[in-house]
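The primary structure of each chain is shown beneath.
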Amino acid sequence: MDGRGRGVDFKRGGSLPAPAGRRTPAPWWLRAPGVRNWAFHGPGPGNAGPAGGGAGCSTIAAMSAPLFTNLITPPPAATAPAHERFLHLVRLALAGGQFGKLLLSGPVAVDGDEADVERLTVRAIELRGEPALSFLWRHATRDVTKNHAPAAGLAEIAALLGARFRNAHLHTATEEVQFAVSRKGRETLRVTRVDGGGAEAPAMAAHDKAKHRPLEMAHPVWSALGLTHRVKGEPALVPAMARKWKQINRFVEILSAAVDEAGLAGPVRVADFGSGKGYLTFAVHDWLQAQGLQPRVTGIELRDDMVRLCNAVIDGEQLSGIRFDQGDVRTREAQPLDVMIALHACDIATDHALHVGLESGARIIMSSPCCHKELRPQMTLPAVLRPMLQHGIHLGQEAEMVTDSLRALLLESQGYRTQVFEFIALEHTSKNKMILAVKAQGAAAEALAARRPELLAQIAEIKRFYGLREQRLEQLLAA
Ligand SMILES: C[S@@+](CC[C@H](N)C(=O)[O-])C[C@H]1O[C@@H](n2cnc3c(N)ncnc32)[C@H](O)[C@@H]1O
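Residues numbered from 1 in each chain as written. Predicted model: local features only at pLDDT ≥ 70, side-chain atom pairs only at ≥ 80, totals over all residues.

Looking at the confidence of the model for the protein chain
Reasoning step 1: Looking at the protein chain, pLDDT values average 80 and 79% of them are 70 or higher.
Reasoning step 2: Ignoring residues within four places in sequence, the model shows residues 28-65, a span with pLDDT below 50, making 124 contacts including any to other chains.
Reasoning step 3: Confidence over residues 196-211 falls short of pLDDT 50; this stretch has 25 contacts with residues more than four positions distant or in other chains. (pLDDT = per-residue confidence, 0-100. Contact = placed C-beta atoms within 7 Å.)

This is how it looks when you write it as structure tokens:
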């Protein structure tokens, strides 16, 4: 380490660090998309650490990484050997899109062709649309590259760790994890936070930086919507709107990574259900337009006054490729779509939006749910959970977790690679959970199709466990 970070030693028998409090950014393995429920068992958003600054390049790069979520396995015990815990952190970094690179060094002497190996660098790449691990073997006089499927690559890393190389460094956007084994076989694990995280983030190509640019504050739409005003002649955020600004920027970052993953080319048809005052709808339109993706964006909103306000902004700014319709997502007909988004659509409006997205064949489904009311009154609690869930706050958090878990499983059962994660720090909104689903293609689609019976059985088992009679998305899909 270069002294910028603060180190924590976790020698054999030591334990992984406790989850960070709200004011200290949690380490990446607690923030990794899709892993919070078992990385830190806590049902509600209030129990997980904040999601980091949100708009940092490191997170953008992370979201651009291919999905490695199939690598997730249960965590080893805190007392497990250091090499097991290190491998677990490697899996989490891959699954959470936080993997920068893995460096294996300190080769153990061997005979033959491999005798002059000096080190091995492993990077996460995408090969023909599928995630892969690229191994760069550095010999004294040559480099050799070999690519592996994720599971095979991880198996090879596991075999090499300690046996072929004594040292390993895992670089992530915000932490460095260092594993070493001494000549006497003593293993150590050291985790170091890299201050200013982004400095260590995986490098982004200039092209990617342009793609992930934040929204332009000077765009007249924002002042028309009351997000910005002029301060000394310059556009500035209205202070009360700073959180909304952060949210929509973060949403657009995640969308940009999903657009890459789905390989969308223009024109891109988008529906934003429960569009409200249209902040996100305009943001998505602006970003797609800036990428040359010919947006065809429709905001669908129950409230007529909001629809009129948003359409007046469109007229005032003479925008094309965007419109707002008064409508109810519960009665919305499916029509061809590329992207379905729903930011804080109330309760089962989220299920209806997800359903329209599925029926419309959307390649990307992004939803940040809110006010989970449907399942809570139905839940009949297993005796062992009653002492925990007698507290209303716990019951509410459990109902939320069960609701969103069922939604995620249902999306997977429909052939979508699905992640549930915190998309923004709690201080920006308490409604900070994101369900992101990208329609699987090729081998990934076949793998999900093969898992369908297992996924449906898991859904049935969760419902049976909590005594649930009905869940709206499941009902809509069965109709
Ligand atoms: C919490 S607001 C979110 C607004 C916007 N998406 C945002 O995050 O800034 C929820 C919006 O969903 C709308 N809504 C609720 N139920 C709806 C339904 N069934 N169909 C369409 N819109 C709905 C509400 O009128 C409200 O404007």
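Structural notes on the pairing of strand 16 (residues 416-422)
Reasoning step 1: Across the 7 residues that make up strand 16, a large majority, 7, are buried.
Reasoning step 2: Burial of the side chains of strand 16 extends over both faces: Tyr416, Thr418, Val420 and Glu422 are buried on one face and Arg417, Gln419 and Phe421 on the other.
Reasoning step 3: Where strand 16 lies against strand 17 (residues 433-439), 7 bridges are found, and the strand directions are antiparallel. Looking across to strand 17, one finds that Tyr416 is bridged to Lys439. (Buried ≥ 20, exposed ≤ 12 C-beta atoms within 10 Å, placed from the backbone. Helix = DSSP H or I, 4+ residues; strand = E, 2+ residues; numbered from the N terminus. Pairing = 2+ DSSP bridges.)

Regarding the site of the ligand
Reasoning step 1: The environment of the ligand is formed by 19 residues, the closest being Gly274, Gly276, Leu302, Val329 and Leu343.
Reasoning step 2: With 4 residues, strand 14 (residues 339-346) is the single largest residue contributor to the shell around the ligand.
Reasoning step 3: Taken together, the residues that form the shell around the ligand break down as 11 nonpolar, 4 polar and 4 charged. (Near = placed C-beta within 6 Å. Nonpolar A, V, L, I, M, F, W, Y, C, P; charged D, E, K, R; others polar.)

Structural notes on unusual backbone geometry
Reasoning step 1: Backbone geometry at Gln294 places phi at a positive 45°, although glycine is not the residue there.
Reasoning step 2: A count of 14 C-beta atoms within 10 Å places Gln294 in the partly exposed class.
Reasoning step 3: We note that Asp347 has phi near 45°; this positive angle belongs to a residue other than glycine.
Reasoning step 4: Residue placement: Asp347 occurs in the loop between strand 14 and helix 11 (349-359).
Reasoning step 5: A tally of 15 C-beta atoms within 10 Å means that Asp347 is categorised as partly exposed.

As for the nonpolar core
Reasoning step 1: If you look at the biggest cluster of nonpolar residues, it comprises 71 residues, and the most contacted ones within it are Val284 and Met340.
Reasoning step 2: With 9 residues, helix 8 (residues 242-262) is the single largest residue contributor to this core.
Reasoning step 3: Non-local contacts of Met340, meaning those with residues more than four positions away in its chain, are made with Ala271, Ala353, Val356, Gly357, Ser360, Ala362 and Ile365.
Reasoning step 4: One finds Ala82, Ala93, Ala95 and Phe99 within the second-largest nonpolar core, a separate group that totals 26 residues. (Core = buried A, V, L, I, M, F, W, Y, C linked by C-beta atoms within 7 Å.)

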